[in-house]
Amino acid sequence: MIGVSLFLAVAVLLFLLLFFVGRGAESTGELISRPDDQIRHGYQDTLYSPELARRIFSPEDRKFISSTGSPQLLRIYGEERRGVALHWVRQTSNEIRTVMREHALTARQSENLEVTGEAKLFFQYIELRSICGLLAIFVRLLSPHVLCDLAAYASKLSYQIGRAQQDLANAAQLATFRSPGAP
Amino acid sequence: MRPSSQHSGVPVPREDGMSNAAKRVTMHDAYEDLLRRTLSKISGDLGRLIYLASTRDYNTGTYHHEGLCVCYRGEDARMALRTAHRDVFCRLAVSSLEELVEQLEMYVQMSQEAPEEFHQAWEELEPYRIAIPMQVNSTMVQLFLSNVRLALKVLRLRQSQNPAGPSAASQLPSPVR
């Protein structure tokens, strides 16, 4: 009984997290309204740039601001960096959703799908969306530099998912060329 | 044939007789040329960013560089400028705040304007927004804008703590004054 309750609680929490991040992205109204080619361009930049995540969540800049000895500057820095970190979380979450939509389309047309690979990818996707949800909450409560490792892990996951989609798309393209009916 | 003219903004008449073979250089060559002959002469990435943004038409977003267009195909020259602009921007956007403060300080000195006036103009008008290339990652843009705002505040703080500090002391007299 306790196990079932725990499972349900985790499921509800996960759902709320996903909903929260999704709403966050929509409330900005920025990424969703962009044309497809810009989103494509954007997610290539974000997904393949772990350096960006490292820089946003790095404690280095905070140390530098602390060294100025100005509490007011430190407060302004906190607000500024929190805003950028939230933007990164929303963008990553939104872009990975776009990647998975593209992946689903490619997968439907693919003839030799690997079930284990697809399941792994799906779990990675759920994991990433959950981490984005957690990051969206904790960035508001804590200083972004505390979440450096979690953000780096999210960045790595998003890279892996983006890469998997790219591989599948390449394989599907190759299969089209090799098929006897292809022009 | 390699370009022999300097590309530092001096308009060079276009040689109509130049053969296609002479202009058969790729975008990569144009890019290398831009780095070597023009950008290497500008100190600091922030200065390079502002310079590259100034080669872009505000209305159309297309780049134009007289010197490069003489030696390379128009499309190659535009691509080289666009690539260089994006590269410099990405480098600046992911640089540390400390590095950006140094870049900004260097740029203030290079501009030969009074630091106080410079800080005020940059904080109010935010001219650095124009220096952002098109179609770059929006988070990168947010990070860059936020870091420039912070760098300006750091410089202002330093200025208030030490009015005769490096920015003011090393400032060269402006020719218009």
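This brings us to the overall build of chain B. From N to C terminus, chain B includes eight helices and zero strands. A buried classification covers 36% of the 177 residues belonging to chain B. Within chain B, contacts between residues at least 6 apart in sequence are counted, and of these 78% link residues at least 24 apart.

Here we come to the overall build of chain A. Across its full length, chain A holds seven helices and zero strands. Secondary structure of chain A in N-to-C order comes out as α-α-α-α-α-α-α. Residues counted as buried form 29% of the 183 residues belonging to chain A. Contacts in chain A between residues far apart in sequence, at least 24 positions, make up 83% of those at least 6 positions apart.

Okay, the packing of helix α5 (residues 71–109) of chain A against helix α6 (residues 115–141) of chain A next. Residues and elements named next belong to chain A. In contact at an axis separation of 10 Å, α5 and α6 are set at 160° when each is read in the N-to-C sense. By the angle between their directions, the pair α5 and α6 is classed as roughly antiparallel. Seen along the crossing, α5 lies across α6 with a hand that is left-handed. Residues Arg 82, Ala 85, Leu 86, Val 89, Thr 92, Ser 93, Ile 96, Met 100 and Ala 107 of α5 lie in contact with α6, whose contacting residues are Glu 118, Tyr 125, Leu 128, Arg 129, Cys 132, Leu 135, Ala 136 and Val 139.

Moving on to the interface of chain B and chain A. Taken together, the 18 residues of chain B in the interface contact 25 residues of chain A. The dominant element in the side of chain B that touches chain A, judged by the number of residues it contributes, is helix α7 (residues 138–161) of chain B, at 11 residues.

With 63 residues, the main nonpolar core has Leu 135 of chain A together with Leu 104 and Ala 151 of chain B as its most contacted residues. Take this core: its biggest share by element is nine residues, from α7 of chain B. Each residue touching Ala 151 of chain B, except ones within four places of it in the same chain, is listed here: Leu 97, Leu 100, Val 101 and Leu 104 of chain B.

Locating Leu 128 of chain A in the fold gives a position in helix α6. Setting aside anything within four residues of it in sequence, one finds Leu 128 of chain A in contact with Ile 96, Ala 154, Leu 157, Ser 158 and Ile 161 of chain A.

A few words now on the environment of Asn 147 of chain B. Residues and elements named next belong to chain B. Relative to the assigned elements, Asn 147 resides in helix α7. The spatial distance from the C-alpha of Asn 147 to the C-alpha of Ser 95 is 9.4 Å, given a sequence separation of 52 residues. Ignoring anything within four residues of it in the chain, the contact list for Asn 147 reads Leu 97 and Leu 100.

Attention now goes to the packing of helix α5 (residues 97–111) of chain B against α7 of chain B. Residue and element names in this part refer to chain B. Between α5 and α7, the shortest axis-to-axis distance is 9 Å and the interhelical angle comes to 65°. Accordingly, the angle class assigned to the pair α5 and α7 is roughly perpendicular. α5 and α7 meet at a crossing whose hand is right-handed. Contact residues: Leu 97, Leu 100, Val 101, Leu 104 and Glu 105 in α5; Asn 147, Val 148, Leu 150, Ala 151, Leu 152, Val 154 and Leu 155 in α7. Residues belonging to the contact of α5 with α7 are distributed by class as follows: 10 nonpolar, one polar and one charged.

The subject of this paragraph is unusual backbone geometry. Residue and element names in this part refer to chain B. The phi dihedral of Gln 112 is positive, around 60°, even though this residue is not glycine. Within the secondary structure layout, Gln 112 lies in the loop between α5 and α6 (115–125). Here the phi dihedral of Gln 135 falls at roughly 55°; this positive angle occurs in a residue that is not glycine.

We now examine the confidence of the model for chain A. Scored by pLDDT, chain A comes out at a mean of 77, with 70% of its residues at no less than 70. Mean pLDDT values for the elements of chain A range from 42 in helix α2 (residues 36–47) of chain A up to 95 in helix α4 (residues 60–66) of chain A.

Before going further, it helps to spend a moment on the confidence of the model for chain B. Residues and elements named next belong to chain B. For chain B, per-residue confidence averages 82 on the pLDDT scale, and residues scoring 70 or more make up 78% of the total. No element of chain B has a lower mean pLDDT than helix α8 (residues 166–169), which averages 50, and none a higher one than helix α2 (residues 45–54), which averages 96. Below pLDDT 50 for its whole length, residues 1–18 participates in 23 contacts with residues either more than four positions away or in separate chains. Across the assembled chains, the prediction reports ipTM 0.76 with pTM 0.76.

All names here are of chain B. Position of Asp 33 among the secondary structure elements: in helix α1 (residues 27–38). For Asp 33, a count of 22 C-beta atoms within 10 Å puts it in the buried group. Taking C-alpha positions, Asp 33 is 8.3 Å from Leu 68, a pair spaced 35 residues apart along the chain.

Calculation criteria
Within any chain, residue numbers begin from 1 and follow the written order of that chain's sequence. The naming scheme follows written order: chains are lettered A onward, ligands numbered 1 onward. Only residues with pLDDT of at least 70 are given local features in this predicted model, and only at 80 or more are side-chain atom pairs given and counted; all residues enter the totals for whole chains, interfaces and linings. In DSSP terms, a helix is any run of H or I states spanning at least four residues, a strand is any run of E spanning at least two, and both are numbered starting from the N terminus. Put simply, a residue is buried when 20 or more other C-beta atoms lie within 10 Å of its own C-beta and exposed when 12 or fewer do; between those, it is partly exposed, and each C-beta is set from the backbone. A residue pair is marked as a contact if its C-beta atoms, positioned from the backbone, fall within 7 Å. A fitted line through C-alpha atoms serves as each axis, taken over the contacting stretch for helices, and the angle formed by two N-to-C directions is quoted from 0 to 180°. Roughly parallel here means an angle under 35 degrees, roughly antiparallel means over 145, roughly perpendicular means 65 to 115, and every remaining angle is called oblique. By definition, any crossing whose near helix is turned counterclockwise from its far helix by less than a right angle is left-handed, and any crossing with a clockwise turn is right-handed. Only buried Ala, Val, Leu, Ile, Met, Phe, Trp, Tyr and Cys residues enter a nonpolar core, and they are joined through C-beta atoms within 7 Å. The residue classification treats Ala, Val, Leu, Ile, Met, Phe, Trp, Tyr, Cys and Pro as nonpolar and Asp, Glu, Lys and Arg as charged. All others, Gly included, are polar. Values of pLDDT, the confidence the predictor places in each residue, fall between 0 and 100.

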